[in-house]
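# Secondary and tertiary structure notes
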Amino acid sequence: MDMRIDVFKGRKIRRLLHNDEWGFSVVDVCGVLTDSADAGASWRKLKQRLKKEGSEVVTNCHGLKLEASDGKRYLTDCANTETMFRIIQTIPSPKAEPFKRWLAKVGY
């Protein structure tokens, strides 16, 4: 498996090549867009809201083992480029547009 860490404006975004497409860490992306101290909590809250709305975006996220800061690999919600664009659209952030352009470059 090919795992990479990319940087968007000084923030790390983990990604993993899975089934011939990149899976991006949703928690990392939420952290960049929300500037939250607890990106995991932001993703859980957003995931809950999306499920309540009946969005299938959450079901398109897959648990992939990504390396954490402690060097161990943990299951992490990941989304391919298309699903990640849909998630980004649900997060009100002034960083959304520049992030979409960045994602389009690294996602393909």
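Below: a short report on this structure. Please read these numbers as outputs of a predicted model, since none were measured by experiment.

Turning to the pattern of salt bridges, a few remarks are in order. Under the definition given, this model contains 7 salt bridges. Measuring nitrogen to oxygen at the nearest pair gives 2.9 Å for the salt bridge that ties Asp28 to Arg14. Remark: Arg14 occurs in strand 2 (residues 11-18) and Asp28 occurs in helix 1 (residues 26-34); sequence separation between them is 14 residues. Of the two residues, Asp28 and Arg14, neither departs from the other in class, the shared state being buried.

This next bit is on helix 4 (residues 96-107). Given a rise of 1.5 Å per residue, 12 residues ought to cover 16 Å, and the 15 Å separating the end C-alpha atoms of helix 4 matches this to within 8%. Within helix 4, burial applies to Ala96, Phe99, Lys100, Trp102, Leu103, Val106 and Gly107. For helix 4, the buried positions fall inside an angular range of 165° around the axis, keeping them on one side. For helix 4, the exposed residues set more than 90 degrees away from the buried face come down to Arg101 and Lys105. As for helix 4, its buried residues are in contact with strand 1 (3-8), strand 2, strand 3 (21-25), helix 1 and helix 3 (81-89).

Cut-offs and rules
Residues numbered from 1 in each chain as written. Predicted model: local features only at pLDDT ≥ 70, side-chain atom pairs only at ≥ 80, totals over all residues. Heavy atoms only, no water. Salt bridge = Lys/Arg side-chain N within 4 Å of Asp/Glu carboxyl O. Helix = DSSP H or I, 4+ residues; strand = E, 2+ residues; numbered from the N terminus. Buried < 20%, exposed > 50% of the residue type's maximum accessible area, 1.4 Å probe, protein only. Expected span 1.5 Å × (residues − 1). Arc of directions from axis to C-beta. Contact = heavy atoms within 4.5 Å.

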